[in-house]
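What follows is each chain in one-letter form.
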Amino acid sequence: MAARALMGVSEAFYIPAALALIADFHPGFTRSRAVGAHQTGIYAGQILGGFAGYVADSPDHGWRWAFSTCGMIGVIYAIPLLGLLRNPERTEAEPAKAERVQTGNVFTALIGNRNFILLVLCFTLPAIAGWVVRDWMPDILKEKFGLGQGKAGVSAILFVQIASLAGAVAGGTLADRWMRATPRGRIFTSAIGMTLFLPALFSVGNAGTLTVAIAGLIIFGIGWGFFDCNNMPILCQVARPEWRRRAMAS
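1. Details of the environment of Arg 245
Along the chain, Arg 245 falls in helix H13 (residues 244–249). Between the alpha carbons of Arg 245 and Ala 18 there is a distance of 8.7 Å; along the sequence they are 227 residues apart.

Here it is, written out as structure tokens:
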């Protein structure tokens, strides 16, 4: 449990900084697509993780081997990132601006931002549904349809994450194009994704067959991709650049 908690801490360190870094490099009409491309890597990892049930059942490997191998790859992968990742170049005025912000109370300023509070609520509610789909769906399908551990994991993860990957690419492209017509383009795209959540989860909960449940998960995945690739870009519209990492963490 302690190791699991430490993994959560490391993820919490990574996501706000990574998305803020991407937003800094993509200030214009490529921001949603860039964030969407980043999220596809997360979905790809979750797709591979869906096969962990088969690995855990394998007498030659087991879950300890899977954890150790993935952890080793992550540590090795961090080495080139340390040498290659750089902050974007800034103008001379920006460092002075950031220095002034450090002396203030960023948290208080964010709490006083009405739009930021609305975003926190909008981000939190779908995240609850996403948590159920990502973490509990294998057990739900296993009990509901009498599946084995391997098949339950693949059925719960593979299709929804492929749909999320496609949704992130399509949603990022749509949002960036929509932004050329209205500054609410990313908000509208995210809203389209959120409208798919309820019917998708309803169909999964009331599915009589595994095929219907998977169809509902696919719909949910498309909606999640639309929603997920626009969270940070929308946040950038209501929070100052030097506040984004703190805002994303909040």
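2. Concerning the confidence of the model for the protein
Chain-level statistics for the protein give a pLDDT mean of 84 and a share of 92% at 70 or above. For the stretch residues 92–103, pLDDT sits under 50, and the model shows 6 contacts to residues farther than four places along the chain or on other chains.

3. Structural notes on the pattern of salt bridges
One pass over the structure, following the stated rule, counts 3 salt bridges. Here Asp 176 and Arg 33 are joined by a salt bridge, their closest N and O atoms 2.9 Å apart. Highlighted residues: Asp 176 in helix H8 (residues 149–179) and Arg 33 in helix H2 (residues 31–50), separated in sequence by 143 residues. We classify Asp 176 as buried; its relative accessible area is 1%. You can call Arg 33 partly exposed: its relative accessible area is 38%. Overlapping salt bridges bring together Arg 33, Asp 176 and Arg 186 as one network.

Rules behind the numbers
Residues numbered from 1 in each chain as written. Predicted model: local features only at pLDDT ≥ 70, side-chain atom pairs only at ≥ 80, totals over all residues. Heavy atoms only, no water. Helix = DSSP H or I, 4+ residues; strand = E, 2+ residues; numbered from the N terminus. pLDDT = per-residue confidence, 0-100. Contact = heavy atoms within 4.5 Å. Salt bridge = Lys/Arg side-chain N within 4 Å of Asp/Glu carboxyl O. Buried < 20%, exposed > 50% of the residue type's maximum accessible area, 1.4 Å probe, protein only.

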